[in-house]
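Examination of the molecular architecture
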Amino acid sequence: MTIFPDLPDSPVEGRVVTTAERRLAVEHWLLMATDDWQRARQEWRQDGVALLRCGDKFCAIRVPLDVAEAAAGCVVPAEVDAYLSGALPGAPVIRSQLGKWLFVLCEASTVTAWTAPGTEYLGDGHQLGVPHPDIVRHPGGTGAYWAVPMSGPGVLGNGATLSRLISHGRRRLAQMAMEPPHTPVESARVDLAGAHQLWDHILHLTRDLPATVPPRAQIDPSIATMRDYLEDLVRSVEPALDEKDPAIRPTARWLLGRVRQLLLSEPPSSPREAAEQAENLALSYRALGGIYEKAAWTRRGTRP
C-alpha cells in the first residue's frame, strides 16, 4: 500500500489507500480523455486496451524499445521496466506487445518543440491504445501493458527528463555499434574509500537541510567529484548484475535508473537545489556501492 493524498473523494487527507483504490482513481482520470466512457470501458473489458485522446490530459512520446534497452544495459523486460521506473520519475510507460515501442505519458507543458530523432510526439489529433490500469507486467493476451504503471491520477512524466534519457540511450547504441561483437566490458577503477570519504563529507554539509543550506563554494566541487565516482561505479556494476540472483536484478536496475536520472539532471540553479542534488548523489552512491561490494565478495567467494 502507498500514501496517496490526492485520491479523489478521499475522506482523510494523506490516508493509506490500497492498490485497487489507486488504480480505480487512475481509471476515472484516464476516462476523462474520451467523450465515450461506455465505449472505452467496453474496449477495456473485451481487449484490455482502449483508444484514448492525446493532447488534453496527456501527451505521449513513442520511443524505440532498443533505445530504452541500451540505456538500461539489458533486454530483460522486467529489468528494463524497473530501470525506466527509476530513470523517469513519475512517468507512466506503456510497452507495446505488437511492436518494438514504448509510449511515455508526459505533461504536454513539458514537451515543447519535440525534436528527439527516432521518436514521435503524440498530441492533439492522435489517439493512443491505453491498457486498463490493472494490466501490468506481461499480460500476454493484450496488445500493450503498463511497463511503469501510473502512480496516481494526473501523475505524468517530464519531457526534458525523457529527452535526456533518450539521448543517453542513443549514445550507448552508437557505442555498441562501434564495438566488435562479444567485446568484454572494461570495468572502471572504483575508489570506494575515496567515495566513502566524500559521501560522509556531503552528508555532513547537508545534515541541517532545509533549515541551513551550505554555500555553493563548498557543495559544487563535491557534486562534480561524486558524479565522476558514480559514473565509474555504474560502469562496474552493470556487467556484474548478470551474475546476481535474477530475483533482485530488477531492484538493482531501478537503482541504476535512479542514478542515471541524477547524472543526467540539469545543473542546480540555487544553493538549496545544489545541496539536495549533492545529498541525492551521495545516498545513491552508498546504495549502489553496496551492490558492487556484494558482487565483488561473490566473485571472490569471501565476505568482509
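These notes cover the structure that comes with them. Fair warning: this is a prediction, and the values are worked out from it, not measured in the lab.

L84, L162, Y285 and L288 are the most contacted members of the largest nonpolar core, which totals 60 residues. In this structure L288 touches L230, L233, V234, V237, L255, L256 and V259, once residues within four positions along its chain are discounted. Core analysis: the second largest hydrophobic core is formed by 23 residues, A40, L122, L128 and L156 among them.

A few words now on the pairing of strand β6 (residues 101-106). Of all six residues making up β6, five are buried, and the element is well covered by its neighbours. Direction of pairing for strand β4 (residues 59-64) relative to β6: antiparallel, over a ladder of six bridges. By the bridge assignment for β6, P64 is matched with W101. By the bridge criterion, three bridges tie strand β5 (residues 93-96) to β6 in an arrangement that is antiparallel. Considered in β6, the bridge of I94 is made with F103. The antiparallel pairing of β5 with β6 creates a hairpin that spans four residues between the two strands.

Further remarks concern the sheet that holds strand β9 (residues 144-148). Strand order in the open sheet formed by five strands is β7-β4-β6-β5-β9, and the pairing between neighbours is antiparallel. Bordering the open sheet on either side are β7 (120-122) and β9, each of which pairs with just one other strand. In this sheet, adjacent strand axes meet at a mean angle of 30° when their direction is disregarded. In the sheet, β4 pairs with β7 via three bridges, with the strands oriented antiparallel. Residue pairing across strands places I61 opposite Y121, the latter belonging to β7. Of the strands in this sheet, β4, β5 and β6 are in contact with helix α3 (residues 65-72), which crosses β4 at around 75°.

With that settled, consider the side chain of T206. For T206, the location among the structural elements is in the loop between α6 (192-205) and α7 (216-240). A residue is classified by how much of its surface remains accessible, and T206, at 2% relative accessible area, is buried. The contacts of T206, once residues within four sequence positions are left out, are I219, A275 and E279.

For the structure on display, the rule yields three aromatic pairs. Aromatic side chains W29 and F58 sit 6.4 Å apart centroid to centroid with 40° between the ring planes, which places their arrangement in the tilted category. Placement of W29 in helix α1 (residues 19-30) and of F58 in the loop between β3 (49-53) and β4 is noted, with a sequence separation of 29 residues between them. On the basis of relative accessible area, F58 is assigned to the buried category, the value being 0%. Summarising the aromatic geometry, the rings of W199 and Y285 are spaced 6.0 Å apart at their centres and angled 45° between planes, so their arrangement reads as tilted.

Attention now goes to the environment of R189. When you line up the elements, R189 lands in the loop between α5 (159-178) and α6. Once the C-alpha coordinates of R189 and L233 are considered, the two residues, 44 residues apart in sequence, prove to be 8.0 Å apart.

Running from N to C, α6 and α7 point in directions that differ by 145°, and their axes come no closer than 10 Å. α6 and α7 meet at a crossing whose hand is left-handed. Note on element contacts: α7 touches α6 through Q218, I219, S222, T225, M226 and Y229, opposite G194, A195, L198, W199, H201, I202 and L205. When the residues that make up the contact of α6 with α7 are grouped by side-chain class, the tally is eight nonpolar, five polar and no charged.

A word on the layout of surface pockets. The space that makes up the second largest pocket amounts to roughly 260 Å³. Around the second largest pocket, the lining is made up of 18 residues, and of these S85, G90, V148, P149 and S151 lie nearest the centre. Taken together, the elements giving at least two residues each to the lining of the second largest pocket come down to α4 (77-87), β9 and α8 (249-264). When residues of the lining of the second largest pocket are assigned to their parent elements, the largest contribution, four residues, is made by α4. Here the residues of the lining of the second largest pocket sort into ten nonpolar, four polar and four charged.

For an α-helix, 3.6 residues make a turn, and residues three or four places apart therefore share a direction. Burial of α3 is extensive: seven of the eight residues sit out of reach of the surface. When α3 is considered as a whole, its buried residues turn out to be L65, V67, A68, E69, A70, A71 and A72. Directly after α3, the chain includes G73, whose backbone phi takes a positive value near 75°.

Side chains V93 and R95 of β5 all project onto a buried face; the interleaved residues I94 and S96 project onto the opposite face, where all are buried too. Inspection of the sheet shows β5 paired to β9 by four bridges, in the antiparallel sense. The residue bridging V93 from the neighbouring strand is V148, located in β9.

Rules and cut-offs
- Residues numbered from 1 in each chain as written.
- Predicted model: local features only at pLDDT ≥ 70, side-chain atom pairs only at ≥ 80, totals over all residues.
- Heavy atoms only, no water.
- Core = buried A, V, L, I, M, F, W, Y, C linked by side-chain atoms within 4.5 Å.
- Buried < 20%, exposed > 50% of the residue type's maximum accessible area, 1.4 Å probe, protein only.
- Contact = heavy atoms within 4.5 Å.
- Helix = DSSP H or I, 4+ residues; strand = E, 2+ residues; numbered from the N terminus.
- Pairing = 2+ DSSP bridges.
- Axes fitted to C-alpha atoms, helices over the stretch in contact; angles between N-to-C directions.
- Phe/Tyr/Trp six-rings, centres within 6.5 Å; stacked < 30°, edge-to-face > 60°.
- Left-handed = near helix turned anticlockwise from the far one by under 90°.
- Nonpolar A, V, L, I, M, F, W, Y, C, P; charged D, E, K, R; others polar.
- 1 Å grid on protein atoms, 1.4 Å probe; cavity = no way out; pocket = protein on both sides within 12 Å on 5 of 7 lines; lining within 4 Å.
- Points joined across faces, edges and corners; volume = space filled by probe spheres on them.

Shape descriptors only; they carry no functional weight alone.
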